[in-house]
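# Residue-level structural notes
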Amino acid sequence: MIDPFGRSITYLRVSVTDRCDLRCVYCMAEDMHFLPKADVLSLEELDRIAGAFVALGTRKLRITGGEPLVRRDVMRLFRRLGDRLGKGLDELTLTTNGTQLARFAQELVACGVKRVNVSLDTLDPATFAQLTRWGKIDQVLDGIEAARAAGLAIKINAVAMKGVNEDHLDDLLAWCGTQGFDLCLIETMPMGEITEDRSDQYLPLSLVRSRLRRRWTLRETEYRTGGPARYFTVAETGRRIGFITPMTHNFCESCNRVRLTCTGTLFMCLGQDDQADLRAVLRAGADDAALQAAIEAAIARKPKGHDFIIDRRHTGAAVARHMSVTGG
Ligand code: SAM
Ligand code: SF4
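Since we're looking at a predicted model, the values are computed, not measured. (Residues numbered from 1 in each chain as written. Chains lettered and ligands numbered in written order. Predicted model: local features only at pLDDT ≥ 70, side-chain atom pairs only at ≥ 80, totals over all residues. Heavy atoms only, no water.)

### Examining the nonpolar core
Grouped together as the largest cluster of nonpolar side chains are 95 residues, with contacts concentrated most on Phe-78, Ile-156, Leu-185, Ile-241 and Leu-266. The element best represented in this core is helix H1 (residues 43–55), accounting for seven residues. Every residue in contact with Leu-266, bar those within four places of it in the chain, is listed here: Leu-12, Phe-53, Val-258, Arg-259, Leu-260, Asp-274, Gln-275, Ala-276, Leu-278 and Ala-298. (Core = buried A, V, L, I, M, F, W, Y, C linked by side-chain atoms within 4.5 Å. Buried < 20%, exposed > 50% of the residue type's maximum accessible area, 1.4 Å probe, protein only. Helix = DSSP H or I, 4+ residues; strand = E, 2+ residues; numbered from the N terminus. Contact = heavy atoms within 4.5 Å.)

Structure (structure tokens):
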């Protein structure tokens, strides 16, 4: 599938639930209201849509959420998607908060998953508890250990927040070095209403990078994933560090991805509202050809890029939906 700007769309992110066992302050309000079950696609519906994408040339699937591993029976979906590996699909992966990894790591490997992204913003137990509103860091660290033991490659994702974990990123980078993990730092994006003031949380990664350079030798690399990250090699550890800077750096020209929510809404851009309702297409009884035609019509409308701006006067969101709905 080639979009109107000549970008080949080979990567689909699928949010399988909007629910989560944590409430990270930048992601969710404390009293989130979750979707009624009837609105959420069944595992069979999710698999059918994923299958249509693979038939149209999608080579990489990332399962996300909410927290994907809290969805009941989610391994049934992984098994089905794993069956598509080598038959058009090159990679099946997931982004998780890690709390359930100890339970599922081995099964994920059995389904053909080779790499996972685990979100961990700090190694300090008290800050972790505060950031996630009630999370226990040991549960995540045990999950990460189980993932490693099962043979999964691990990348750590951390959202950089002013006055919250900005002084912890150095330790996180050192820890990733000793553990053999890559690290990806993310700027906070203005998505969904939360309780806190976002302009208080925003920390430009250009500043983080120059601070890290006091201790670490960062060499820019050509490594790209088609996404918004710029990667550097950390000379002292040999691992990579990526910087995802949607607010300060325009990454849209090489965008190769679209996102499906757990309600079957396809978003062609994380930062724009245009969408296609694939649930309606499915539930109207579409056959595979009609489903594929609906997907192709949506890709033909993929916008050139987002226009996130941090509005320093307002705390509101540039995009009304939460990241947990679209899938990070
Ligand atoms: N629950 C899983 C997790 O935490 O990894 C998967 C879903 S989560 C929405 C995916 C990623 O989005 C996480 O790395 C999270 O830190 C990030 N994220 C959530 N809200 C964000 C925001 N407002 N700005 C930037 N990143 C955000
Ligand atoms: Fe849950 Fe992930 Fe959002 Fe944190 S970032 S609240 S773990 S969905």
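### Remarks on the site of ligand 2
Around ligand 2, the neighbouring residues are Cys-20, Leu-22, Arg-23, Cys-24, Cys-27, Met-28, Gly-66 and Asn-97. Broken down by class, the residue content of the shell around ligand 2 amounts to five nonpolar, two polar and one charged. (Near = heavy atom within 4 Å. Nonpolar A, V, L, I, M, F, W, Y, C, P; charged D, E, K, R; others polar.)

### A closer look at unusual backbone geometry
If a residue is not glycine, its phi is most likely negative; likewise, a peptide bond is most likely trans. In this structure, Asp-73 is a non-glycine residue whose phi angle is positive, near 65 degrees. Along the polypeptide, Asp-73 turns up in the loop between strand E2 (60–64) and helix H2 (74–82). Take Asp-73: its relative accessible area is 44%, and that puts it in the partly exposed class. Phi angles above zero are rare outside glycine, and Arg-133 is one such case at about 75 degrees. Since its relative accessible area comes to 18%, Arg-133 is described here as buried.

### Quick notes on helix H5 (residues 137–149)
Here H5 spans 18 Å end to end across 13 residues, near enough to the 18 Å set by a 1.5 Å rise per residue. Of the residues making up H5, those classed as buried are Ile-137, Val-140, Gly-143, Ile-144 and Ala-147. Projected down its long axis, H5 shows its buried positions confined to an angular sector of 120 degrees, all on one face. Summarising the geometry of H5, the exposed residues directed more than 90 degrees from the buried face are Asp-138, Asp-142 and Ala-149. Where H5 terminates, the next one or two residues include Gly-151, which has phi positive at roughly 100 degrees. (Expected span 1.5 Å × (residues − 1). Arc of directions from axis to C-beta.)

### Here's the deal with the sheet that holds strand E9 (residues 240–244)
With respect to topology, twelve strands assemble into an open sheet ordered E7-E8-E9-E6-E5-E4-E3-E2-E1-E10-E11-E12, the strand pairing being mixed. Across the chains shown, the open sheet's two edge strands, defined by having one partner strand only, are strand E7 (218–220) and strand E12 (275–277). Across the sheet, the mean angle separating the axes of adjacent strands is 25 degrees when strand polarity is ignored. Contacts from helix H6 (residues 169–179) reach strand E5 (153–160), strand E6 (182–187), strand E8 (229–234) and E9, with the element oriented near 155 degrees to E6. (Pairing = 2+ DSSP bridges. Axes fitted to C-alpha atoms, helices over the stretch in contact; angles between N-to-C directions.)

### Quick look at the pattern of salt bridges
On inspection of all chains with the given rule, the structure shows 19 salt bridges. For Arg-80, the salt bridge identified is with Asp-47, shortest N-O distance 3.4 Å. On the criterion of sequence distance, the pair formed by Arg-80 in helix H2 and Asp-47 in helix H1 is long-range, its members being 33 residues apart. Between Lys-60 and Glu-91 there is a salt bridge, with the nearest N and O atoms lying 3.8 Å from each other. Of this pair, Lys-60 sits in strand E2 while Glu-91 is found in strand E3 (residues 91–96), placing the two residues 31 residues apart along the sequence. No difference in accessibility class separates Lys-60 from Glu-91, as the two residues are buried. Connected through shared salt-bridge partners, Glu-44, Asp-47, Asp-73, Arg-76, Arg-80 and Arg-84 make up one network. (Salt bridge = Lys/Arg side-chain N within 4 Å of Asp/Glu carboxyl O.)

### Focus: the layout of surface pockets
Over the atoms, a rolled probe matching the size of one water molecule traces out where space is still vacant. Roughly 270 Å³ of internal volume is contained in the second largest pocket. In terms of lining, the second largest pocket is formed by Thr-17, Asp-18, Arg-19, Leu-35, Lys-37, Val-40, Leu-41, Val-70, Arg-71, Arg-72 and Asp-73. Residue classes in the lining of the second largest pocket are distributed as four nonpolar, one polar and six charged. (1 Å grid on protein atoms, 1.4 Å probe; cavity = no way out; pocket = protein on both sides within 12 Å on 5 of 7 lines; lining within 4 Å. Points joined across faces, edges and corners; volume = space filled by probe spheres on them.)

### Remarks on the site of ligand 1
As a matter of local geometry, ligand 1 sits amid 19 residues, with Tyr-26, Gly-66, Glu-67, Ser-119 and Met-189 nearest to it. Backbone polar atom of Tyr-26 to a nitrogen atom of ligand 1: 3.1 Å apart, as the coordinates give it. Take Thr-96: an N or O atom from its main chain is 3.3 Å from an oxygen atom of ligand 1. For ligand 1, whose accessible area on its own is 540 Å², the fraction buried by protein is 95%. Those elements that place two or more of their residues in the shell around ligand 1 are E3, E5 and E6. Within the shell around ligand 1, the residues separate by chemical class into six nonpolar, ten polar and three charged. (Polar contact = N/O pair within 3.5 Å; in protein donor to acceptor, adjacent residues only side chain to side chain. Areas by Shrake-Rupley, 256 points an atom, 1.4 Å probe, with all protein chains shown as cover.)

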